[in-house]
Amino acid sequence: MEELFSRFTSLNEKELVRLDKAFGWSLSAAELVQARDYFRKAGREPFRGELESLAQTWSEHCKHKTFSGPVRFRSGRKVKKYRNLFKETIVRATRELDRSWCLSVFKDNAGIVEFGSDGKWGLAFKAETHNHPCAVEPYGGAETGVGGVIRDILGVGLGAKPVLNTDNFCFGRLDSKKKLPKNALGAERIFRGVVDGVRDYGNRMGIPTAAGGIYFDDGYLLNPLVYVGCAGLIPAEKIEKKVRPGDLIVSIGGRTGRDGIHGATFSSANIDEETSSSAVQIGHAINEKKVLDVIMRARDRGLYGALTDCGAGGFSSAIGELGSETGARVRLENARLKDTGIEPWEIWVSESQERMILAVSPGKMPALEDILNSENCEYCVLGEFTGDKRLLVTFNSETVVDLPMDFLHGGVPSVEKAAVHRPPRISRRPPASRAPHGRALRELLSHPNICSRHSVITQYDHEVQGGTVIKPLQGRYGDGPGDAAVIWPHAATGSVRDHAGFAVAHGFNPAAGRLDPYLMALYSVDEAVRNLVCVGAEISRTALLDNFCAASPAAPEVMGSLVLAAEGCYDAAMGYGAPFISGKDSFYNQSRDAYGKDHPIPLSLLISAVAPVADVRRAITMDLKRAGNPLYLAGVSRKGMGGSVYNEVHDTRNNYLCPLDIKAAVGTYGALLRAIKAGCVLAAHDVSQGGLAVTLAEMSFSGGFGAVVDLSSAPSEKGVSALELLFGESPSRIVVEVSREKETEFRRLTGGLPVARIGSVQERPELEAGLGGRGLLKEDILVLKSDWKRELL
Amino acid sequence: MKRPKAIILRGTGTNCDIETMTSFRYVGADAGLVHINELLAGKKKVMDYDIMAFPGGFSYGDDISAGRIFAVKMAKLAGDFARFIKGGRPVIGICNGFQILARTGFLPENGRGAQLSTLYANDGGRFLARWVRLRVNKRSPCIFTRGLPDEIELPIAHGEGKFIMKDRKALEGLLKADLHALTYVENPNGSMRDIAGITNPAGTCFGLMPHPERCFFPFQRPDRPASREAAAAGREFFRNAVEYVR
């Protein structure tokens, strides 16, 4: 192969592809040809480091070329062409909404929105995935995923202080009967490893892990999804980076080693039996904590002009990015190393963790060194940013890379992807009830996608920094399942007199996506927004993150569902007035088993939403508070059991997914929010997985009260069945407990909307539901709680 | 009125330092963060302060075991710390801070710097973050828990919080002197005699596993009580220290 590489410019396409496979670059044939032609024109053979640089910089992971590339979409006879799918859907909504409170969108490591009332602060938010690493080495993969997204926040603008971590996981079912291929890890092994990794890293960093979810489906058996997010506070005047020629390139934090070679390119490969865990980095949280402490002190003293994290692609990406406008001169012999047996090109692309690159004016170096030394944080000066727009990397007298910046960043060729959509067969027949309702409710409560997450949540220090005012576990017994976390970031702002905070919630619904990817996007945004309503957040100021995970984009069906979901994101963002501020995508989440069969994941879209909470003291929880208070249901219950957990447990033969009326939802949410602010609402909980019955059960046992409801008064579509009322999952619905003394005011605030009283809170510890006098179910809340409160781990 | 100076001592991996500082400031102390390197380098002096706090976190990653490396670093300054405590200036160690006070032999106090107790891995075998009910020992000389009701709630967040003492007689002595200022109502980690926090006989040096700085305001509680303005249990610990110095 070395021989083949030595005559790179004379290779044909087939030979290039062979070389690519041997060297693990994951470049496409068109990209390899582009690179070959560049060096032909330059009249020389490339250095190994140059191809490695191109492979990193042009990788799916760094460039997102699938999502931001051209697509030809076909559905039946309809054809639609996109030149840049991402810009024409998700970014377009942000541009058209043009919100003044969006301070930085889609250009930095994270999106930034305004925070607080005095214009002094920005709130940065970002979510990432670390799926491939977690499939082969769950603990290390999860740790370094958390570490990576925290560095994104540390490296946004001139550095934000992390105040919240989020985590959303998808695993195969723990009781899966499917046979695993050789070398594949079982779902439980992955689950445990991932939770341990998130815990050990997040806890050591002193950042509360307080929002997220866990989803089990055998579609994720071989390809778990691990979404990790981070939010941080940044002074508004510290959002702009500026690299000046002459600035020193300073690497701080961890040393460089051979761990994590080819991480960026590895994430563009399908996982098979030959996949090795050496592409996964090794995390060390305390090194990153030192980096955090240094950056916060150095930022406030203005000791650097720009910074970014070393993530995928290591120095190559970080320095390449920071120096893209100026040029950079790097001397790799200055790097601090973990071991000596490392090749120069490996130093250049290694993804060793806990490293950040700073652009430091030479005059400020002594002051920075003082801080670095006082925090025992290692560093090295790798070179300087230049003005020649070239990237020149050497190791002593050996050249590693010598390329113009514009070829490195602009040279990637775009290839049109084919996308088709073939809708599945949908049945609208009346759903068949398969079990007594009471029994069905108990089965749903103990379902892995509904039951309590306490055994995971209590392993995370979700209250460090003392600002988690609405907690993931809440209520009288400290175990009720919250809808959204509300963070009061006083540890970052330094003020406990100011009560401004923010709420974070998620929407995720791959079950709906299997039926209709477009509706899945609408459902997911709606779920995230209604979770925010439930705690009393200002939803008119909602900002969103999109994180797509999909199988191979070479499959037109995969691309087809992606196109529909992206269109759904556009419509939802416009409808809810909620711009996307940052996003990420991860493809090639599929595995080949021992029989050569491919197992793609279902299209998975995680929507993360953040919105301000004007006064965290007034935020509310989901547990019932007092016997005698009226219970109201907001939002229309519709026909259809499609995508429901009930359907997974007892197939009703109905898989219809009802449409979503965004305008109606926004109107109802707005009225509820006014009622919450007026102090009329004591508890609110959204209707999601398991339907209304599960919502009522959770509110009851979390507060230690019973509830009695008659669903005949629920706002509903004509002809909706008892089964659909109890267990259907039609969107845009919220159950609220209204203060008895303020019921009149509540009715006035919600007048003319689909909001109706369905019953009341009762002292007797029983959940009773009826339909026009006919009893549907009557269950002891302690029994329901014991079904729900399972130890998942 | 005197504004007592509080030193919030941190090292690599300390992570509850800011909220601990904020808590002391709120009740009237002039509190500041000091890295142990600054003490070791002689840039700051322990005896310039009136109150000392060892906040929670994972000092030096809790490598080897919780609080171990921080304790080793402190050994060089053991004389200063001993003088500070002997002088009756309040010292509080929270979570990792308690682990450090136990490692350095300041708690239980024995005058020899001998480690008599360990905060060992929880019985459940894993890190545990949740709210717990605590009994306040009204007979304890502890100045930090003065005036608290018989029972309070605070959050815990630790993997190594099981209080154990090898010397049964010493443990009995500790109980007899009412040095166990706080005990768990439902023991979450297997601590001997449900111990959650202990003090020295003077009542001025206090270590506890729960986090009072996270229950400073009532709206930080999981049950969101209606009264939003009242103080929460955690605040009293800090107020007591400041009033004691005044």
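Since the structure is predicted, the reported quantities are computational estimates derived from the model, not experimental observations.

Each value, and the rule that gives it
- Residues numbered from 1 in each chain as written.
- Chains lettered and ligands numbered in written order.
- Predicted model: local features only at pLDDT ≥ 70, side-chain atom pairs only at ≥ 80, totals over all residues.
- Heavy atoms only, no water.
- Helix = DSSP H or I, 4+ residues; strand = E, 2+ residues; numbered from the N terminus.
- Rg over C-alpha atoms; globule rule 2.2 N^0.38 Å.
- Buried < 20%, exposed > 50% of the residue type's maximum accessible area, 1.4 Å probe, protein only.
- Contact = heavy atoms within 4.5 Å.
- Areas by Shrake-Rupley, 256 points an atom, 1.4 Å probe, with all protein chains shown as cover.
- Lys, Arg positive; Asp, Glu negative; His and termini not counted.
- Charge placed at Lys NZ, Arg CZ, Asp CG, Glu CD.
- Pairing = 2+ DSSP bridges.
- Axes fitted to C-alpha atoms, helices over the stretch in contact; angles between N-to-C directions.
- Buried area = accessible area lost by both parts, 1.4 Å probe.
- Salt bridge = Lys/Arg side-chain N within 4 Å of Asp/Glu carboxyl O.
- Polar contact = N/O pair within 3.5 Å; in protein donor to acceptor, adjacent residues only side chain to side chain.
- Nonpolar A, V, L, I, M, F, W, Y, C, P; charged D, E, K, R; others polar.
- Right-handed = clockwise from strand over helix to strand, strands pointing away.
- Phe/Tyr/Trp six-rings, centres within 6.5 Å; stacked < 30°, edge-to-face > 60°.
- Lys NZ or Arg CZ within 6 Å of the ring centre and 35° of its normal.
- Expected span 1.5 Å × (residues − 1).
- Domains from an automatic or database assignment.
- Arc of directions from axis to C-beta.
- Core = buried A, V, L, I, M, F, W, Y, C linked by side-chain atoms within 4.5 Å.
- Parallel < 35°, antiparallel > 145°, perpendicular 65-115°, else oblique.

K.L.:
Would you mind showing me how to read the overall build of chain B here?
P.N.:
If you tally the helices and strands in chain B, you get seven helices and 11 strands. For 246 residues, the compact-globule formula gives about 18 Å, and the C-alpha radius of gyration of chain B, at 16 Å, lands near that figure. Going through the 246 residues of chain B one by one, you find that 63% of them count as buried. Pairs at least 24 apart in sequence give 73% of the contacts found in chain B among residues at least 6 apart. Per element, the accessible surface of chain B, about 9,300 Å² overall, is 48% carbon and sulfur. If the 36 positive side-chain charges of chain B are averaged to one point and the 25 negative ones to another, these points end up 4 Å apart.

K.L.:
Would you take a moment to explain the sheet that holds strand β28 (residues 681–686) of chain A for this structure?
P.N.:
Hydrogen bonds between backbone groups are what pair the strands of a sheet, and the pairing can be parallel or antiparallel. Residues and elements named next belong to chain A. An order of β28-β30-β27-β31-β29-β32-β33 is seen for the seven strands of this open sheet, with the pairing classed as mixed. Among the strands making up the open sheet, the edge pair consists of β28 and β33 (774–780). Ignoring which end each strand starts from, the neighbouring axes of this sheet average 20° apart. Bridge count between strand β27 (residues 630–634) and strand β31 (residues 755–762): five bridges; the pairing is antiparallel. Along β31, the bridge assignment pairs P630 with S760. With respect to the sheet, helix α17 (residues 437–445) is in contact with β32 (766–771) and β33, its orientation differing from that of β33 by roughly 45°. Along the sheet face, helix α24 (residues 662–677) touches β27, β28, β30 (734–738) and β31 and points at about 25° away from the line of β30.

K.L.:
Can you walk me through the sheet that holds strand β7 (residues 209–216) of chain A in this structure?
P.N.:
Residues and elements named next belong to chain A. Sheet architecture is open: six strands sit in the order β3-β4-β5-β8-β6-β7, paired in mixed fashion. The outermost strands of the open sheet, each flanked by one partner alone, are β3 (102–104) and β7. Averaged over all adjacent pairs, the angle separating strand axes in this sheet is 25°, with direction ignored. Sheet topology places strand β6 (residues 161–171) next to strand β8 (residues 225–235); nine bridges connect them, and they run antiparallel. Of the residues in β8, the one forming a bridge with K161 is L233. In the packing of helix α9 (residues 138–154) onto the sheet, contacts are made with β5 (121–129), β6 and β8, and the angle to β8 comes to roughly 25°.

K.L.:
Explain the interface of chain B and chain A to me, please; I cannot follow it from the model alone.
P.N.:
Buried accessible area, meaning the area lost when the parts come together, often serves as the stated size of an interface. Each partner contributes residues to the interface: chain B has 35 residues there, and chain A has 46 residues. Here chain B packs against chain A, burying approximately 3,200 Å² in sum over the two surfaces, 52% of which is carbon and sulfur. Run the count over chain B and chain A and you get three salt bridges. One salt bridge in this structure joins R10 of chain B and D293 of chain A, with 3.2 Å as the shortest N-O distance. If you look at where chain B meets chain A, you find 16 residue pairs in polar contact (both at pLDDT 80 or more). Of all elements in the fold, only α1 (17–26), β6 (128–136) and β7 (151–158) of chain B reach the threshold of two or more residues within the side of chain B that touches chain A. Of the residues that constitute the side of chain B that touches chain A, the class distribution is 14 nonpolar, nine polar and 12 charged.

K.L.:
How should the pairing of strand β2 (residues 30–35) of chain B be read in this particular structure?
P.N.:
The two faces of the sheet receive side chains in turn, since in a regular strand these alternate between them. Residues and elements named next belong to chain B. When strand β1 (residues 5–10) meets β2, the two strands line up parallel, connected through six bridges. Bridge pairing links I7 to G32 in β2. With α1 bridging β1 and the parallel β2, this β-α-β connection has right-handed handedness.

K.L.:
Hey, could you run me through the packing of aromatic side chains in this one?
P.N.:
For any pair of aromatic rings, geometry is given as the distance between the ring centres together with the angle between the planes. Residues and elements named next belong to chain A. If you walk through the whole model with that rule in mind, you get 38 aromatic pairs over all chains. Here the aromatic rings of F67 and F86 are separated by 5.2 Å at their centres, their planes lie at 55°, and the arrangement is tilted. You can see F67 sitting in the loop between α5 (60–63) and β1 (71–75) and its partner F86 sitting in helix α6 (residues 85–88), a full 19 residues away along the chain. F67 gets classed as buried once you look at its relative accessible area, which sits at 1%. Each ring, one from Y215 and one from F508, has its centre 5.5 Å from the other, and the planes form 80°; the classification is edge-to-face. Placement of Y215 in strand β7 and of F508 in strand β21 (residues 501–508) is noted, with a sequence separation of 293 residues between them. Cluster of aromatic residues (ring-pair linked, three or more members): F5, F8, F23, W25, Y38, F39, W58 and F407. When the ring centre of Y570 is taken as origin, the NZ or CZ atom of R92, which lies over that ring, is 4.1 Å away. When the ring centre of Y656 is taken as origin, the NZ or CZ atom of R428, which lies over that ring, is 3.8 Å away.

K.L.:
Got a minute to help me understand helix α25 (residues 691–703) of chain A in this structure?
P.N.:
Residue and element names in this part refer to chain A. Taking 1.5 Å of rise per residue, the 13 residues of α25 would be expected to cover 18 Å, and the 19 Å separating its terminal C-alpha atoms lies within 8% of that figure. Counted residue by residue, α25 has 13 buried out of 13 residues, so it is predominantly covered. Among the residues trailing α25, G704 stands out with phi positive, at a value near 75°.

K.L.:
I keep staring at the domain arrangement of chain A and nothing clicks. Help me out?
P.N.:
For chain A, the domain assignment lists domain 1 (1–46) and domain 2 (620–793). Computed from C-alpha coordinates alone, the two centres of domain 1 of chain A and domain 2 of chain A are separated by 61 Å.

K.L.:
What exactly am I supposed to notice about the side chain of Q762 of chain A here?
P.N.:
All names here are of chain A. In this fold, Q762 is placed in strand β31. For Q762, the side chain forms a polar contact with the main-chain oxygen of E766, separated by 3.0 Å. Among the polar contacts made by the side chain of Q762, one reaches the side chain of E768 at a distance of 3.1 Å. Once residues within four sequence positions are removed from consideration, Q762 is found in contact with A627, F705, G706, A707, V708 and E768.

K.L.:
Honestly, helix α7 (residues 90–97) of chain A in this entry has me stumped. Any pointers?
P.N.:
Spacing of three or four residues puts side chains on the same side of an α-helix, whose turn is 3.6 residues. Every buried residue of α7 of chain A is listed here: I90, V91, A93, T94 and L97 of chain A. The buried residues of α7 of chain A occupy an angular sector of 160° when the element is viewed end-on, so they sit on one face.

K.L.:
Where do I start with the nonpolar core in this structure?
P.N.:
For soluble globular proteins, nonpolar side chains are generally found buried alongside one another. Counting 161 residues, the largest nonpolar core has Y576 and F746 of chain A together with F24, F54, F81 and F237 of chain B as the members making the most contacts within it. The contact partners of F54 of chain B, leaving out residues within four places of it in the chain, are L9, F70, M74, F81, V91, I92, G93, I94, G97, I100 and L101 of chain B. One finds A160, I239, A285 and Y379 of chain A within the second-largest nonpolar core, a separate group that totals 59 residues.

K.L.:
Is there a simple way to think about the pattern of salt bridges in this case?
P.N.:
Think of it this way: side chains of opposite charge can pair up when their charged atoms draw near. This structure, assessed with the given rule, holds 60 salt bridges over all chains. K625 of chain A serves as the salt-bridge partner of D623 of chain A, at 3.3 Å between the closest nitrogen and oxygen. Take K625 of chain A: its relative accessible area is 25%, and that puts it in the partly exposed class. What emerges from the salt-bridge pattern is a single network uniting K289, D293, R297 and E375 of chain A together with R10 and D17 of chain B.

K.L.:
What is the right way to look at unusual backbone geometry in this model?
P.N.:
Most peptide bonds adopt trans geometry, and most residues besides glycine take a negative phi value. Along the chain, L107 of chain B connects to P108 of chain B via a cis peptide bond; the corresponding omega equals -15°. Among the structural elements, P108 of chain B can be located in the loop between α5 (96–103) and β5 (117–121). Phi at S26 of chain A is positive, roughly 55°, even though this residue is not glycine. With respect to the secondary-structure elements, S26 of chain A resides in the loop between α2 (13–23) and α3 (29–42). Given a relative accessible area of 28%, S26 of chain A falls into the partly exposed group.

K.L.:
When you look at the pairing of β7 of chain B in this model, what are you seeing that I'm missing?
P.N.:
All names here are of chain B. Along β7, six of the eight residues are buried, which leaves the element largely enclosed by surrounding structure. Pairing analysis gives eight bridges linking β6 to β7, with the strands arranged antiparallel. Residue L128 lies in a different strand from β7, and its bridge partner there is H158.

K.L.:
Would you mind showing me how to read the packing of α2 of chain A against α3 of chain A here?
P.N.:
Two packed helices can be described by the angle between their axes and the distance between those axes. Residue and element names in this part refer to chain A. Taken N-terminus to C-terminus, the directions of α2 and α3 make an angle of 105°; their axes are 9 Å apart at the nearest point. Compared by their axis directions, α2 and α3 come out roughly perpendicular. Contacts from E13, L16, V17 and D20 of α2 reach α3 at A29, L32, V33 and R36. Among the residues making up the contact of α2 with α3, the classes are represented as five nonpolar, no polar and three charged.

K.L.:
Just checking my understanding: could you explain the environment of F171 of chain A for this structure?
P.N.:
Residues and elements named next belong to chain A. Turning to its location among the elements, F171 is positioned in strand β6. Expressed as a C-alpha distance, the spacing of F171 and V469, which sit 298 residues apart in the sequence, is 29 Å. If sequence neighbours within four positions are ignored, F171 has contacts with I190, F191, V194, I214, Y215, F216, D217, Y220 and P224.

K.L.:
Even after reading the chapter, I still don't get the environment of R355 of chain A, so can you show me in this structure?
P.N.:
All names here are of chain A. Checked against the element boundaries, R355 lands in strand β12 (residues 355–360). Taking relative accessible area as the criterion, R355 reaches 0% and is therefore assigned buried. It is 6.4 Å that separates the C-alpha atoms of R355 and D309, two residues lying 46 residues apart in sequence. Discounting chain neighbours no more than four positions away, the residues touching R355 are R151, S251, I252, G254, R255, T256, D309, C310, G314, F315 and S350.

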